[in-house]
Amino acid sequence: MFDIGFSELCMVGLVALLVIGPERLPKAARIAGFWIGKTRHMIASVKAEIKEELQAEEIRQVFKEQAELKEIQRMLDDASDAANSVKSSLEQAQQVNAKQVKRPHESE
């Protein structure tokens, strides 16, 4: 979060000692530590919630893609069935035509 070195920390401590005073400094340090810990906990909690929401969104996206793939597969199956039906109809028409070519005088 913050990259504070030792010298900066000593400077903050010295200023706090001068401003707050030696009697109230331990209590102020405890309060500051409490709020820093609470803030860190809240930040960690928010990060975890964001991570969970991102993972949930990724899962929803995968489900959506799978549903789209299933729809495409269904459309391909329907097209294949239609093509097979047309092929079957053409084969039947060819058979009827072949019978009529062999016996043209019978159909008249």
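Quantities reported herein were computed from a predicted structural model and do not represent experimental measurements.

What counts and how
Residues numbered from 1 in each chain as written. Predicted model: local features only at pLDDT ≥ 70, side-chain atom pairs only at ≥ 80, totals over all residues. Heavy atoms only, no water. Helix = DSSP H or I, 4+ residues; strand = E, 2+ residues; numbered from the N terminus. Rg over C-alpha atoms; globule rule 2.2 N^0.38 Å. Buried < 20%, exposed > 50% of the residue type's maximum accessible area, 1.4 Å probe, protein only. Areas by Shrake-Rupley, 256 points an atom, 1.4 Å probe, with all protein chains shown as cover. Lys, Arg positive; Asp, Glu negative; His and termini not counted. Charge placed at Lys NZ, Arg CZ, Asp CG, Glu CD. Salt bridge = Lys/Arg side-chain N within 4 Å of Asp/Glu carboxyl O. Phe/Tyr/Trp six-rings, centres within 6.5 Å; stacked < 30°, edge-to-face > 60°.

Asker: Lay out the overall build of the protein with the relevant residues and their values.
Answerer: When helices and strands are tallied, the protein shows 2 helices and 0 strands. Radius of gyration (C-alpha) of the protein: 40 Å, far over the 13 Å computed for a compact globule of 108 residues. Scored against the burial criterion, the 108 residues of the protein give a buried share of 1%. When the accessible area of the protein is evaluated, it comes to approximately 10100 Å², of which 63% is carbon and sulfur surface. A distance of 7 Å separates the average location of the 15 positive side-chain charges in the protein from that of its 17 negative side-chain charges.

Asker: Give a description of the pattern of salt bridges that names residues and reports values.
Answerer: Within this structure, the stated rule accounts for 4 salt bridges. With its nearest N and O atoms 3.0 Å apart, the salt bridge here joins Arg 60 to Glu 57. Of the two residues, Arg 60 and Glu 57 are both situated in helix H2 (residues 25–102); the distance of 3 residues between them amounts to about one turn of the helix. A residue is classified by how much of its surface remains accessible, and Arg 60, at 42% relative accessible area, is partly exposed.

Asker: Explain the packing of aromatic side chains to me, and be specific about the residues and the numbers.
Answerer: Applying the stated criterion across every chain yields a total of 1 aromatic pair. Seen in terms of ring centroids, Phe 34 and Trp 35 are 5.2 Å apart; in terms of plane orientation they differ by 80°. Their pairing is edge-to-face. We classify Trp 35 as partly exposed; its relative accessible area is 48%.

Asker: Can you break down the environment of Gly 13 residue by residue, with the values?
Answerer: Inspection of the secondary structure puts Gly 13 in helix H1 (residues 6–20). For Gly 13, a relative accessible area of 34% puts it in the partly exposed group. Sequence separation of Gly 13 and Leu 25 is 12 residues, and the distance between their C-alpha atoms is 9.2 Å.

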